[in-house]
Amino acid sequence: MEAVAADSPPGRVEGALSCFSFNQDCTSLAIGTKAGYKLFSLSSVEQLDQVHGSNEIPDVYIVERLFSSSLVVVVSHTKPRQMNVYHFKKGTEICNYSYSSNILSIRLNRQRLLVCLEESIYIHNIKDMKLLKTILDIPANPTGLCALSINHSNSYVAYPGSLTTGEIVLYDGHSLKTVCTIAAHEGTLAAIAFNASGSKLASASEKGTVIRVFSVPDGQKLYEFRRGMKRYVTISSLVFSMDSQFLCASSNTETVHIFKLEHLNNSRPEEPSTWSGYVGKVFMAASNYLPAQVSDMMNQDRAFATGRLSFSGQRNICTLSTIQKLPRLLVASSDGHLYIYNLDPQDGGECVLIKTHSLLGSGTSEENKENDLRPSLPQSYAATVARPSAAAVSTVPGYSEDGGALRGEVIPEHEFATGPVCLDDENEFPPLGAEFSLSSWHAGGAAGGHRVVASEQNSKTDSESTQSCCEEGPTAAGM
């Protein structure tokens, strides 16, 4: 999911939090502070449960959790070139890697782990952390903008392809080949995001006025939404709902916009039955004779729903999640609060703020008192939006808890499970062995730090890339 982190070190996000990110299926929130990091469960509106907290690594500016597993990736300002991978429930470090420059962002799914630097992207196989590919000589990407499909069956990667225009490069994380380039915007990119299945890609430019959705992998434009015309804004978060019915965008303004992805219908529209409908039809017909830019503006869809924030100018991220069988809009801000809104999936309109949680201290929360007087939602609303449990049977291969492997050994292929693997009673499902380390790449020893060295040529085979990703022996911890 979309994450907000500090600027490249030694930059900081103004506010109590240095970074914050929702996990891939929007069931968990991770935050980083000067003291360390925390993980929260998002299973309840009324209560915000802290799953884990650590002060062992200070000044965290990147923290990413793999779904609801115990695997968490952390980067600190104290070592901005080093990525640390932990099994937080066992309190053990799985591995750490160092790179040639500061790490700007990290994306992961159950098959791939991406590390984005300003001028290169490293693609690791998350099962054994081998370096599969180094994408070199990409246009300067100072914000680390990139996206990875959470659908492990395709693992598409998207990143900016130009310094001056909104070109997107679509890359296949499995075949390790470029799929296509998409001319998404005239201006440079500010946000990109895949939907859960990896079949759609949304983008916004630095102007922040228009949001477009493209099909994957062919790159055809499917939807175009207008966030606003009055002013340019900075889009800080762009995310699909898990069912791909909605697209949510937050910015440095006080409004969060939610767009509805209606089914494309090429059938002839019905005759308007009202005067306003007739006028609308006239305008649509007239748009065929107007300049292309004006015509496009008239045909752009507006927000289906909005969420009003009590602040503007603060960094924030948003997501759409089903909590307690109802659709919710969640917004986390750099001042250390999580805001939860009700979303009406039928009629849209303004989302109602129902809860505000503090992400710092004792996890206090306060309810929106105005909503105490609001009538309860009709029963049909809950019945309409209730969906089957997200804990559906999966066929994703993963590691068993022990797999019969010793510490430091790669679990063999035949030990992969054919379905979800439970590490404990919380139905966790990480694809890494709980005590896997990279020491198997060297003769003996515990898992040490490893430096990833960019290949001289981008056309190396997987085996060549793997051999070049480590220097002889573990590197020093202060690397």
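So, a few notes on the structure that sits alongside this text. The structure displayed is predicted, hence computed values, not measured ones. (Residues numbered from 1 in each chain as written. Predicted model: local features only at pLDDT ≥ 70, side-chain atom pairs only at ≥ 80, totals over all residues. Heavy atoms only, no water.)

**A look at the overall build of the protein chain**
Within the protein chain, the secondary structure is distributed over four helices and 32 strands. Out of the 479 residues in the protein chain, the part that is buried amounts to 55%. In the protein chain, 48% of the contacts between residues at least 6 apart in sequence involve partners at least 24 apart. Taken as a whole, the protein chain presents about 21600 Å² of accessible surface, with 49% of it coming from carbon and sulfur. (Helix = DSSP H or I, 4+ residues; strand = E, 2+ residues; numbered from the N terminus. Buried < 20%, exposed > 50% of the residue type's maximum accessible area, 1.4 Å probe, protein only. Contact = heavy atoms within 4.5 Å. Areas by Shrake-Rupley, 256 points an atom, 1.4 Å probe, with all protein chains shown as cover.)

**Some thoughts on the sheet that holds strand S24 (residues 255–260)**
Strand order in the open sheet made by the five strands is S22-S23-S24-S25-S29, with mixed pairing throughout. The strands lining the two open edges of the sheet, one partner per strand, are strand S22 (235–240) and strand S29 (349–350). Summarising the sheet, S22 and strand S23 (residues 246–251) pair through five bridges and their orientation is antiparallel. Of the residues in S23, the one forming a bridge with Leu238 is Ala249. (Pairing = 2+ DSSP bridges.)

**Details of the pattern of salt bridges**
Once their charged atoms are close, side chains differing in charge can pair, the charge on each being opposite to the other. The final tally for this structure, using the stated rule, is four salt bridges. Between Lys355 and Glu46 there is a salt bridge whose closest N-O contact spans 3.0 Å. With Lys355 in strand S30 (residues 352–358) and Glu46 in the loop between strand S4 (37–41) and strand S5 (49–54), the pair connects residues that are 309 residues apart, well separated along the chain. Under the relative-accessibility criterion, Lys355 is labelled buried at 7%. Residues Glu224 and Lys221 are paired through a salt bridge, measuring 3.0 Å at the closest nitrogen-oxygen approach. Relative accessible area serves as the criterion here: at 48%, Lys221 is assigned to the partly exposed category. (Salt bridge = Lys/Arg side-chain N within 4 Å of Asp/Glu carboxyl O.)

**Remarks on the packing of aromatic side chains**
The geometry of an aromatic ring pair comes down to the distance between the two centres and the angle between the two planes. This model, assessed by the stated rule, comprises six aromatic pairs. On the numbers, 5.7 Å between centres and 35 degrees between planes, the contact of Phe246 with Phe304 is tilted. Of this pair, Phe246 sits in strand S23 while Phe304 sits in the loop between helix H2 (292–299) and strand S25 (305–308), and the two are 58 residues apart along the sequence. Of the residues examined, Phe304 reaches a relative accessible area of 19% and is grouped as buried. Pairing Phe311 with Tyr339 gives two aromatic rings, centres 5.7 Å apart and planes at 45 degrees, and the pair type is tilted. Here Phe311 is found in the loop between S25 and strand S26 (316–323), whereas its partner Tyr339 is found in strand S28 (residues 337–342), with 28 residues between them in sequence. Here a set of aromatic residues connected by ring pairs shows up, and it is made of Tyr97, Tyr99 and Tyr122. We note Arg110 situated over the ring of Phe67; from NZ or CZ to the ring centre the distance is 3.8 Å. (Phe/Tyr/Trp six-rings, centres within 6.5 Å; stacked < 30°, edge-to-face > 60°. Lys NZ or Arg CZ within 6 Å of the ring centre and 35° of its normal.)

**A closer look at the nonpolar core**
By size, the foremost hydrophobic cluster in this structure holds 25 residues, and its most contacted members are Met83, Ile103, Ile106, Leu113 and Val115. For this core, the elements supplying multiple residues, two or more each, are strand S6 (60–65), strand S7 (71–76), strand S8 (79–87), strand S9 (92–98), strand S10 (105–108) and strand S11 (112–116). Beyond its immediate chain neighbours, meaning those up to four positions away, Leu113 contacts Val73, Met83, Ile106, Arg107, Leu108, Tyr122, Ile123, His124, Ile126 and Met129. (Core = buried A, V, L, I, M, F, W, Y, C linked by side-chain atoms within 4.5 Å.)

**A short note on the sheet that holds strand S20 (residues 210–215)**
Across a sheet, paired strands are connected by hydrogen bonds in the backbone, their directions being either parallel or antiparallel. One open sheet holds the four strands; their spatial order is S18-S19-S20-S21, and the pairing between them is antiparallel. Looking at the sheet topology across the chains shown, the edges are occupied by strand S18 (189–194) and strand S21 (221–226). Adjacent strand axes in the sheet meet at a mean angle of 20 degrees when their direction is disregarded. Where S18 lies against strand S19 (residues 200–205), five bridges are found, and the strand directions are antiparallel. Across the sheet, the residue bridging to Ala193 is Ala202, located in S19. (Axes fitted to C-alpha atoms, helices over the stretch in contact; angles between N-to-C directions.)

**Side note on the environment of Ile354**
Here Ile354 is to be found in strand S30. Judged by relative accessible area, which is 14%, Ile354 ranks as buried. Taking the C-alpha atoms as reference, Ile354 lies 6.8 Å from Asn342; in sequence the two are twelve residues apart.

**Details of unusual backbone geometry**
The step from Val216 to Pro217 runs through a cis peptide bond, and the omega angle for that step is 15 degrees. Mapped onto the fold, Pro217 is located in the loop between S20 and S21. Positioned with a positive phi, Phe67 is a non-glycine residue whose angle comes to about 45 degrees. Following the sequence through the fold, Phe67 ends up in the loop between S6 and S7. A positive phi is found at Ser244, a non-glycine position, where the angle reads about 65 degrees.

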